[in-house]
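Secondary and tertiary structure notes
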Amino acid sequence: MEPRPTTRWPVERVDGVLLDIDDTLVDTRRAFVRALEVLAARYLPHLGADSTPRLAARWLTDPGGHYGRYLSGELDYRAQRMVRANDLHATFGGPPLDEDAYAAWEALFETTVAAALTLHPDVPGLMAGLTDAGLPVGAVTNADVAAQTDKLVAVGLPGLPVLVGVDTLGVGKPDPRVFAEACRRLGTDPARTVYVGDELHLDAVAARAAGLVAVWLDRPGGRRVPVPDADIAAADVAVVHTLADLPAVVARAPTTTVRASA
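This section reports on the structure supplied with the text.

**Re the overall build of the protein chain**
Helices and strands together make up the secondary structure of the protein chain, namely 12 helices and 6 strands. For a compact globule of 262 residues, the expected C-alpha radius of gyration is about 18 Å, and the protein chain comes in at 19 Å, within 12% of that figure. Projected onto its principal axes, the C-alpha positions of the protein chain cover 60 × 40 × 35 Å. For the protein chain, the residues scored as buried account for 50% of the 262 residues in total. A total accessible area of about 11,500 Å² is found for the protein chain, and carbon and sulfur atoms account for 57% of it. In the protein chain, which carries 25 positive and 34 negative side-chain charges, the distance between the mean positions of the two groups comes to 3 Å.

**Observations concerning the pairing of strand 4 (residues 193–197)**
Strand residues, when the strand is regular, have side chains that alternate between the two faces of the sheet. The element strand 4 is largely enclosed, with a buried count of 5 among its 5 residues. Of the pairings in the sheet, the one linking strand 1 (residues 16–19) to strand 4 comprises 4 bridges and is parallel in character. Paired with Leu 19 across the strands is Val 196, a residue of strand 4. Here strand 4 runs beside strand 5 (residues 213–217); their pairing, made up of 4 bridges, is parallel. For Tyr 195, the partnering residue across the bridge sits in strand 5 and is Ala 214. For the handedness criterion, the β-α-β arrangement of strand 4, helix 10 (residues 200–209) and strand 5 is classed as right-handed.

**Some details on the pairing of strand 5**
Most of strand 5 is tucked away: 5 of the 5 residues are buried. With 3 bridges connecting them, strand 5 and strand 6 (residues 238–240) associate as parallel partners. Residue Trp 216 lies in a different strand from strand 6, and its bridge partner there is Val 239. The β-α-β motif built from strand 5, the intervening helix 11 (residues 229–235) and the parallel element strand 6 has right-handed crossover chirality.

**Describing the side chain of Asp 23**
Counting through the fold element by element, Asp 23 comes out in the loop between strand 1 and helix 1 (28–43). Contacts of Asp 23, omitting those with residues within four sequence positions, involve Thr 28, Arg 29, His 120, Asp 198, Leu 217, Arg 219 and Arg 224.

**Details of the pattern of salt bridges**
Applying the stated criterion across every chain, the model contains 16 salt bridges. Among the ionic pairs, Asp 27 bridges to Arg 30, the shortest N-O distance being 3.7 Å. Between Arg 177 and Asp 175 there is a salt bridge whose closest N-O contact spans 2.8 Å. Residue classification places Arg 177 among the partly exposed residues on the basis of a relative accessible area of 48%. Residue class for Asp 175 comes out buried when judged on its relative accessible area of 19%. Each member of the salt-bridge network shares a partner with another, and the members are Asp 20, Lys 173 and Asp 203.

**What to know about unusual backbone geometry**
With omega at 20 degrees, the peptide bond leading from Lys 173 into Pro 174 counts as cis. Positive phi is not limited to glycine here, since Asp 236 has a value of about 50 degrees. Relative to the elements of secondary structure, Asp 236 occurs in the loop between helix 11 and strand 6.

What counts, and where the lines are drawn
- Residues numbered from 1 in each chain as written.
- Predicted model: local features only at pLDDT ≥ 70, side-chain atom pairs only at ≥ 80, totals over all residues.
- Heavy atoms only, no water.
- Helix = DSSP H or I, 4+ residues; strand = E, 2+ residues; numbered from the N terminus.
- Rg over C-alpha atoms; globule rule 2.2 N^0.38 Å.
- Buried < 20%, exposed > 50% of the residue type's maximum accessible area, 1.4 Å probe, protein only.
- Areas by Shrake-Rupley, 256 points an atom, 1.4 Å probe, with all protein chains shown as cover.
- Lys, Arg positive; Asp, Glu negative; His and termini not counted.
- Charge placed at Lys NZ, Arg CZ, Asp CG, Glu CD.
- Pairing = 2+ DSSP bridges.
- Right-handed = clockwise from strand over helix to strand, strands pointing away.
- Contact = heavy atoms within 4.5 Å.
- Salt bridge = Lys/Arg side-chain N within 4 Å of Asp/Glu carboxyl O.

Take it as geometry only, folks, not as evidence of what the structure does.
Here's what the structure looks like:
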């Protein structure tokens, strides 16, 4: 577990903090990889044990854009998940999944993911620092509020409210209404509200465009979606590689917009 950060939150400049959940607080990527290992053993046994990185890359990048169709309200959650499962099977030589077959696939996926979910080790220190500073904090997610609330309870964050999910307004990030509604529910001015998430465009760039103090969490060990260096430079947002550095970066940043950290 990472040590508790010693940098004090700049409460004279910040009124509250909003946090993404998956791969910001919760190590969802690792849980997905574990689930894909289990699914491959059952449905794609011809691939061998070294196939997991390729399966994970296909699942996480979602080249067909089906998750984006879910965020825009075009597909419901189950429909986008089913088409992605069938895309995975079609790509790697697995059997097609009809409704009944997909129900079994999904049950195995969800059970394995739930058992593998853990907090990132820098989260307890972050939460302790926010509590000490007296700053209100809430979560914003592109998943269902109830499901994400259960997830936070399961990994040990029962007191963190999920303020806005994709089911709250019928759309997800990067829609600016998501960030505005989260600030309204937190009771803070967007210009004095920090938002941190692990996806450059969906989280940091979108939050800054909505008027929040946006920080991109670029954890070591690979990104869910590949990001070209040119995109990072053009985004010009503050970057942290661990949540332990978040207070210090916010303390150095202008209140109304965040520029690249040193």
